[in-house]
4 protein chains.
Amino acid sequence: MKTFFSKIVELRVRYSETDQMGYCYYGNYAQYFEIGRVEALRVVGMSYKSLEEQGYMLPVSTMDVQYKAPAKYDDLLEIETRITEMKGARLIFNYAIRIEDRIIATGNTTLVFVSKDDMRPTQPPSGFTQLLSKYEEI
Amino acid sequence: MKTFFSKIVELRVRYSETDQMGYCYYGNYAQYFEIGRVEALRVVGMSYKSLEEQGYMLPVSTMDVQYKAPAKYDDLLEIETRITEMKGARLIFNYAIRIEDRIIATGNTTLVFVSKDDMRPTQPPSGFTQLLSKYEEI
Amino acid sequence: MKTFFSKIVELRVRYSETDQMGYCYYGNYAQYFEIGRVEALRVVGMSYKSLEEQGYMLPVSTMDVQYKAPAKYDDLLEIETRITEMKGARLIFNYAIRIEDRIIATGNTTLVFVSKDDMRPTQPPSGFTQLLSKYEEI
Amino acid sequence: MKTFFSKIVELRVRYSETDQMGYCYYGNYAQYFEIGRVEALRVVGMSYKSLEEQGYMLPVSTMDVQYKAPAKYDDLLEIETRITEMKGARLIFNYAIRIEDRIIATGNTTLVFVSKDDMRPTQPPSGFTQLLSKYEEI
């Protein structure tokens with residue numbers, strides 16, 4: 001199912017996240033994406049924490065990032081996360097990171113629902129599918 | 001120019017790099033790729049440190065990662081880095097991470113030579129091109 | 001001069017900050033302290049960023065942490081930062097981290113004003129001393 | 001029991017570990033200490049991994065660090081870890097980090113053996129006490 005859910009979160013680049021180029025280290029964007037999708041799931045109504053408590057995990061299967069412009073210490077980042085598709089066990093997120101309306105990075109991740117018991121791909125909990133279906137693109 | 005340079009480095013997953021899933025956090029792979037390419041450049045004969053001292057920086061422009069299997073605490077990772085192409089200001093790296101010959105992740109990054117003065121893309125230093133041309137694929 | 005300035009900031013434990021014990025990794029507290037003192041300095045009226053732009057750096061000279069109870073993923077941390085003393089080039093911060101009024105960690109850091117030019121300890125900028133003196137403990 | 005065990009490990013400062021001051025970020029030293037003590041425990045004969053598998057965890061209860069001089073990108077750090085005392089459930093480690101024989105940081109951590117079942121302090125496994133007693137200071 002194609003979905004159109006979108007959620008924006010803001011955060012500031014930490015000093016620890018800069019590198020000696022004077023920029024935010026490129027590896028931190030995976031963390032920013034994760035923060036974005038955690039908040040997106042929370043708004044959909046299914047916190048990541050509760051998913052784990054119900055016996056599910058959501059490891060990342062693929063990620064891509066396009067770095068357009070650097071971010072600096074103390075910059076206020078706006079992370080827009082879209083949930084674009086759920087297909088079998090897979091959930092697809094799309095991200096755009098902005099500083100004052102200027103896009104500095106985009107990216108995508110594919111996550112897979114797995115069962116904590118055997119770590120194998122599994123159908124998402126039906127409660128989640130129901131919650132997400134409110135945002136189905138028709 | 002297409003190149004075939006390849007270099008393997010080994011490192012152990014640190015405790016700090018695990019997450020509560022019990023796996024190595026997916027965001028750490030960007031660091032592993034960076035360690036791989038730093039050592040690759042060192043073997044080619046041009047340390048990243050010396051590039052910065054000569055007034056160049058090499059920010060990452062794109063990254064993609066395919067996560068095939070999890071890595072765990074204390075696992076010994078073998079990171080194979082290939083330099084596959086240099087094209088204008090761009091340098092393309094390809095990575096494979098293995099645990100005992102089993103591939104756990106693959107990925108690619110595009111880096112761009114920029115001048116420290118104006119942060120604009122620039123031709124790589126001629127010394128570097130010369131060093132890399134030893135590995136040109138014909 | 002002894003001072004009594006205090007500032008509270010809140011943040012959530014990120015997934016990337018957990019380790020396989022299921023707790024927030026002990027090394028992250030240095031980052032939390034830094035976030036606390038950055039916001040403290042901002043409220044005093046002297047952002048860390050502007051200090052660097054004026055040619056000062058504030059490296060940490062000592063840190064101690066007492067871990068009382070674990071923090072978990074998604075916990076909302078309340079970081080209270082006090083500036084307790086300025087003595088020559090040294091600035092002393094004291095921290096308490098709480099989850100719902102329960103203290104989970106305390107700590108202290110000593111920072112030293114150094115000049116960017118020669119990286120030697122130096123008097124703080126007079127503007128900063130003036131701003132901080134509003135909070136002098138008499 | 002007072003002990004005199006000591007173990008040295010080497011590692012290079014990663015690019016991701018630098019900050020915009022151009023130095024290794026102060027928060028990383030907790031990771032370096034952890035790497036030092038993990039290797040120390042391995043040499044004593046009890047890997048941290050096997051301790052966890054036997055149902056023990058070793059959270060850090062206190063840490064202090066004295067930063068003497070900065071470390072930079074690509075610096076080769078020599079981390080010397082001493083196990084200085086075991087007292088009830090507590091294990092005390094002492095660290096010195098050097099670059100070419102020059103001390104750049106020292107520190108201490110107290111760790112506590114806890115049982116995975118109830119997360120309460122517990123006696124160390126007898127096998128560990130026996131292994132460590134070879135290094136008892138008389």
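Residues numbered from 1 in each chain as written. Chains lettered and ligands numbered in written order. Predicted model: local features only at pLDDT ≥ 70, side-chain atom pairs only at ≥ 80, totals over all residues.

**Student:** Tell me about the overall build of chain A, residues and numbers included.
**Tutor:** The number of helices and strands found in chain A is three helices and seven strands. Its helices and strands in sequence order give chain A the pattern β-α-α-β-β-β-β-β-β-α, from N to C terminus. For chain A, whose C-alpha radius of gyration is 16 Å, the value lies close to the compact-globule estimate of 14 Å for 138 residues. In terms of overall dimensions, chain A has C-alpha extents of about 45 × 35 × 20 Å along its principal axes. Per-residue burial for chain A yields a buried fraction of 38% across its 138 residues. Put simply, of all contacts in chain A between residues at least 6 apart along the chain, 70% involve residues at least 24 apart. (Helix = DSSP H or I, 4+ residues; strand = E, 2+ residues; numbered from the N terminus. Rg over C-alpha atoms; globule rule 2.2 N^0.38 Å. Buried ≥ 20, exposed ≤ 12 C-beta atoms within 10 Å, placed from the backbone. Contact = placed C-beta atoms within 7 Å.)

**Student:** Give a description of unusual backbone geometry that names residues and reports values.
**Tutor:** All names here are of chain D. The backbone of D74 shows a phi angle near 75°, a positive value even though the residue is not glycine. Positive phi, normally seen in glycine, also occurs at M119, with a value near 55°. With respect to the helices and strands, M119 occurs in the loop between strand 7 (114–115) and helix 3 (126–133).

**Student:** Mind laying out the relation of the copies chain C and chain A, listing which residues take part and the relevant values?
**Tutor:** Least-squares fitting of chain C to chain A yields an RMSD of 0.0 Å, with the superposition described by an axial translation of 0.0 Å and a rotation of 180°. Read as a symmetry element, the transformation amounts to a two-fold axis. No C-alpha of chain C approaches the rotation axis more nearly than that of C:L11, which lies at 5.1 Å. Here 100% of the contact residues of chain C are again contact residues in chain A; the copies associate through an equivalent surface. (Least-squares fit on C-alpha atoms with pLDDT ≥ 70 in both.)

**Student:** Outline the interface of chain B and chain A, listing residues and values.
**Tutor:** Listed by partner, the interface residues are 16 residues for chain B and 16 residues for chain A. Those elements that place two or more of their residues in the side of chain B that touches chain A are helix 1 (29–44) and strand 3 (60–67) of chain B. Take the side of chain B that touches chain A: its biggest share by element is eight residues, from strand 3 of chain B. Per-class residue counts for the side of chain B that touches chain A are ten nonpolar, five polar and one charged. Judged from the five bridges that link them, strand 3 (residues 60–67) of chain A and strand 3 of chain B form a sheet pairing that is antiparallel. Each bridged residue has a counterpart across the sheet, and for A:Q66 the counterpart in strand 3 of chain B is B:T62. (Nonpolar A, V, L, I, M, F, W, Y, C, P; charged D, E, K, R; others polar. Pairing = 2+ DSSP bridges.)

**Student:** Could you give an account of the relation of the copies chain B and chain A, with specific residues and numbers?
**Tutor:** Mapping chain B onto chain A calls for a screw motion: a turn of 180° about the axis and a shift of 0.0 Å along it, with 0.0 Å RMSD after fitting. The share of interface residues of chain B whose copies in chain A are also at the interface is 100%, consistent with both copies meeting through the same surface.

**Student:** Can you explain the sheet that holds strand 3 of chain A? Please cite residues and give values.
**Tutor:** Pairing is antiparallel in the open sheet, where ten strands are placed in the order 1(A)-4(A)-5(A)-6(A)-3(A)-3(B)-6(B)-5(B)-4(B)-1(B). Looking at strand neighbours, the two that pair on one side only are strand 1 (2–12) of chain A together with strand 1 (2–12) of chain B, the edges of this open sheet. Ignoring strand direction, the axes of neighbouring strands in this sheet form an average angle of 15°. Sheet topology places strand 4 (residues 76–87) of chain B next to strand 5 (residues 90–99) of chain B; nine bridges connect them, and they run antiparallel. Bridge pairing links B:R82 to B:N94 in strand 5 of chain B. (Axes fitted to C-alpha atoms, helices over the stretch in contact; angles between N-to-C directions.)

**Student:** Could you give an account of the confidence of the model for chain A, naming the residues involved and the relevant values?
**Tutor:** Summarising the model, chain A shows a mean pLDDT of 94, and 100% of its residues fall at 70 or more. This complex was scored by the predictor with a pTM of 0.93 and an ipTM of 0.94. (pLDDT = per-residue confidence, 0-100.)

**Student:** Describe in detail the environment of C:E39, supporting the description with residues and values.
**Tutor:** Residues and elements named next belong to chain C. Its location among the elements puts E39 in helix 1 (residues 29–44). Sequence separation between E39 and E80 is 41 residues; the distance between their C-alpha atoms is 10 Å. Ignoring anything within four residues of it in the chain, the contact list for E39 reads K7 and V9.

**Student:** For the sheet that holds strand 1 (residues 2–12) of chain D, give the residues involved together with the corresponding values.
**Tutor:** The strand order across the open sheet built from ten strands is 1(C)-4(C)-5(C)-6(C)-3(C)-3(D)-6(D)-5(D)-4(D)-1(D), with neighbouring strands paired in antiparallel fashion. Looking at which strands have only one partner, the edges of the open sheet turn out to be strand 1 (2–12) of chain C together with strand 1 of chain D. Here the strands of the sheet are splayed against their neighbours by 15° on average, with no regard to which way each runs.

**Student:** Can you tell me about helix 1 (residues 29–44) of chain A, naming the residues and giving the values?
**Tutor:** Residues and elements named next belong to chain A. Across its 16 residues, helix 1 extends 22 Å between first and last C-alpha, which sits within 8% of the 22 Å expected from 1.5 Å per residue. Among the residues of helix 1, Y29, A30, Y32, F33, E34, G36, R37, V38, A40 and L41 are the ones counted as buried. The positive-phi residue at the C-terminal boundary of helix 1 is G45, with phi of around 120°. (Expected span 1.5 Å × (residues − 1).)

**Student:** For the interface of chain C and chain A, give the residues involved together with the corresponding values.
**Tutor:** Across the boundary between the two partners, chain C contributes ten residues, which contact ten residues of chain A. Looking at the side of chain C that touches chain A, its residues break down into four nonpolar, two polar and four charged.

**Student:** Describe in detail the pairing of strand 6 (residues 102–112) of chain C, supporting the description with residues and values.
**Tutor:** Residues and elements named next belong to chain C. As judged from the seven bridges shared by strand 3 (residues 60–67) and strand 6, these two strands associate in the antiparallel manner. Of the residues in strand 6, the one forming a bridge with D64 is N108. Relative to strand 6, strand 5 (residues 90–99) runs antiparallel, the two being bridged by ten bridges. Directly across from R98, in strand 6, lies its bridge partner I103. Connecting the antiparallel pair strand 5 and strand 6 is a turn made up of two residues, with E100 showing a positive phi of about 45°.

**Student:** I'd love a proper account of the environment of A:M21, names of residues and values included.
**Tutor:** Among the secondary structure elements, A:M21 is positioned in the loop between strand 1 and helix 1. In sequence terms A:M21 and A:A105 are 84 residues apart; their C-alpha atoms lie 17 Å from each other. If we ignore the near neighbours within four places in the chain, the residues touching A:M21 are B:M57 and B:P59.

**Student:** Tell me what's going on with the environment of A:E85, and back it up with residues and numbers.
**Tutor:** All names here are of chain A. Among the structural elements, E85 can be located in strand 4 (residues 76–87). Measuring from C-alpha to C-alpha, the distance between E85 and S47 comes to 18 Å, with 38 residues separating the pair along the chain. Every residue in contact with E85, bar those within four places of it in the chain, is listed here: K2, T3 and I92.

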